[in-house]
Amino acid sequence: MSSRLQSGGWTLLRRISLKKPCTRFGSMATAESHGVIQDYSRPETAQASSLLDIGTRKIFTAEHDLFRKNVRRFFEQEVIPYHAEWEKKGDVGREVWKKAGANGILGVNCPAEIGGIGGDWLSASIVQEEQAYSNCSGPGFLLHSDIALPYIVHFGTKEQINKFVPRMVAGTCIAAIAMTEPGAGSDLQGIRTVAKKDGDDWILNGSKTFITNGYMADVVIVVAITDTNAKSAAHGISLFLVEAGMPGFKKGRKLEKIGLKAQDTAELFFDDVRLPSSALLGQANRGFYYLMQELPQERFIVSVTAMAGCEAVFEMTRQYVKDRKAFGKPLAALQTIQHKLAEMKTEICIGRTFVDHCNVLHSTKGLDMQMASMAKFWCSDLQNRVATQCLQMHGGFGYMWEYPIAKAFVDSRVQQIYAGSNEIMKELIARCILADK
């Protein structure tokens, strides 16, 4: 296990792996985690004094709580104080990436034997939640650690793993994945970027857009067509590792977005980029199948951050309506406000229960495409409803950028779009419903 976790007063994260899921629900149910019986006296979110309390939720252990405290401290000390300036700049800079690596919050779920931290999925989800709780969307840690990195871990050669994984976990090599094109978003089979064989090399041509971490990326996983004569586009797609500085690889401008203002999102251009055979990730023409294998996790991450986002804006609004006076009394004294808070908390806690169940399933590789799609569309829809209602309770102040609810409101909107639009999620769910058994 990496000793980097001991730096800065941080406690070494012990390897945590969920050995056995809950066998049944009830006061006597137990689950083993790293040889420790889970404490089912832990309150659920609905029972806690705050939806952000540490020490709640039965899926977690005391070890997870310790890790969460450290991650929360990192965001409080190293991210929140600087985020407003990063929003003006359009990216977070490299220093915070190195600090994240030094504090052991990159590649948390990556196996220790290949240079990762060696934690379990629940530990990785803690980083995802805590970034959402911080209301700081700038650092592209989740895309880097939990979306891009698994492709290299699962499909990379030993040489590719040795070259990229330790540096990605250290925060000295920033990763991105380039799927979306100007003419192809949720429809991956509609991409036009092409890589043609030239001896042992590949020649890459095309462009990508809306690429998270694209401007700062040191390595980009690029999705390209490699067999234009395949019986379908899905049978002719491959993945390539394209490194910054390669001749012909150019990064466009940082795109100006209505939200995620500190997160660098860029256009990428490939003009006769010569790639060695060692740049091919996995087997040629198997890329679409790799994408289908990894996309459920990407979509589930959206649900994890969406639920945490709901909890964060609920708590900031709860405090606001208790402090804000109108008609000579706190807003919280108004029945219409009370009822809206009750409705929101109920919906949030229902969503939290489903997402935590999915977390347990995913810990044991049991989360399928259908459930991940359900979680993604329902939780991101809820996040947008909650953000809208909470902003309304802030009145005119909610429309001011200096108030955290304004940033949470605009940041939430893209959750329904990326990782596959929510309309596509419903299509995927419907296919499962109507498929012949």
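Computed from a prediction, not measured in an experiment: that's the story for all the values here.

Parameters at a glance
Residues numbered from 1 in each chain as written. Predicted model: local features only at pLDDT ≥ 70, side-chain atom pairs only at ≥ 80, totals over all residues. Heavy atoms only, no water. Helix = DSSP H or I, 4+ residues; strand = E, 2+ residues; numbered from the N terminus. Buried < 20%, exposed > 50% of the residue type's maximum accessible area, 1.4 Å probe, protein only. Contact = heavy atoms within 4.5 Å. Areas by Shrake-Rupley, 256 points an atom, 1.4 Å probe, with all protein chains shown as cover. Lys, Arg positive; Asp, Glu negative; His and termini not counted. Charge placed at Lys NZ, Arg CZ, Asp CG, Glu CD. Phe/Tyr/Trp six-rings, centres within 6.5 Å; stacked < 30°, edge-to-face > 60°. Lys NZ or Arg CZ within 6 Å of the ring centre and 35° of its normal. Salt bridge = Lys/Arg side-chain N within 4 Å of Asp/Glu carboxyl O. Core = buried A, V, L, I, M, F, W, Y, C linked by side-chain atoms within 4.5 Å. Patch = residues over 30% accessible without salt bridge, like charges linked within 9 Å, V, L, I, M, F, W, Y side chains within 5 Å.

Brief notes about the overall build of the protein
Helices and strands together make up the secondary structure of the protein, namely 11 helices and 13 strands. Each of the three principal axes of the protein carries a C-alpha extent, and together these read 75 × 55 × 50 Å. Counting only residues that meet the buried cut, the protein has 55% of its 437 residues in that class. Pairs at least 24 residues apart make up 70% of the contacts formed inside the protein by residues separated by at least 6 positions. Of the roughly 19,100 Å² that the protein leaves accessible, carbon and sulfur atoms contribute 54%. Counting 51 positive and 46 negative side-chain charges, the protein places the centres of these two groups 2 Å from one another.

Remarks on the packing of aromatic side chains
Within a pair of aromatic rings, the relevant descriptors are the distance that separates the centres and the angle that separates the planes. By the definition in use, this model includes 13 aromatic pairs. Relative to Phe240, the ring of Trp202 has its centre 5.3 Å away and its plane inclined at 65°; by these criteria the two rings are edge-to-face. Separated by 38 residues along the polypeptide, Trp202 in strand E6 (residues 201–212) and Phe240 in strand E8 (residues 237–243) bring together distant segments of the chain. In this pair, the class of Trp202 matches that of Phe240, namely buried. Every member of this aromatic cluster is reached through a ring pair, and the members are Phe74, Phe75, Trp97 and Phe141. Just above the ring of Phe60 sits the side chain of Arg68; from NZ or CZ to the centre is 5.1 Å. The ring of Trp401 carries Lys261 above its face, with NZ or CZ at 5.7 Å from the centroid.

Some remarks on the side chain of Asn213
By secondary structure assignment, the location of Asn213 is in the loop between E6 and strand E7 (219–225). For Asn213, the residues in contact, after removing those within four places along its chain, are Trp97, Gly140, Leu143, His144, Ile174, Ala175, Ala176 and Asp264.

Examining the pattern of salt bridges
By the definition in use, this model includes 23 salt bridges. Note that Arg352 is salt-bridged to Glu129, the shortest N-O span being 3.6 Å. Taken together, the residues span a long stretch of sequence, with Arg352 in helix H8 (residues 335–363) and Glu129 in helix H4 (residues 121–134) at a distance of 223 residues. Just as Arg352 is buried, Glu129 falls in that class too. Residues Glu243 and Lys163 are paired through a salt bridge, measuring 2.6 Å at the closest nitrogen-oxygen approach. Taken together, the residues Glu243 in strand E8 and Lys163 in helix H6 (residues 158–170) connect sequence positions 80 residues apart. One salt-bridge network, held together by shared partners, links Arg57, Arg68, Arg72, Glu129, Glu130, Glu311, Arg352 and Asp356.

Let's talk about the nonpolar core
Among the nonpolar cores identified, the biggest contains 95 residues, and Ile105, Phe141, Tyr151, Ile221 and Phe300 are the most heavily contacted of them. For this core, the element with the most residues is helix H7 (residues 287–323), which contributes 14 residues. For Phe141, the contacting residues outside a window of four places in its chain are Phe74, Phe75, Val96, Trp97, Ala100, Ile105, Leu106, Gln131 and Asp146.

Some thoughts on a nonpolar patch on the surface
There is a patch of nonpolar side chains on the surface, built from Phe397, Tyr399 and Met400 and spanning about 340 Å² of accessible area. Structurally, Tyr399 is set in the loop between helix H9 (369–394) and helix H10 (404–412).

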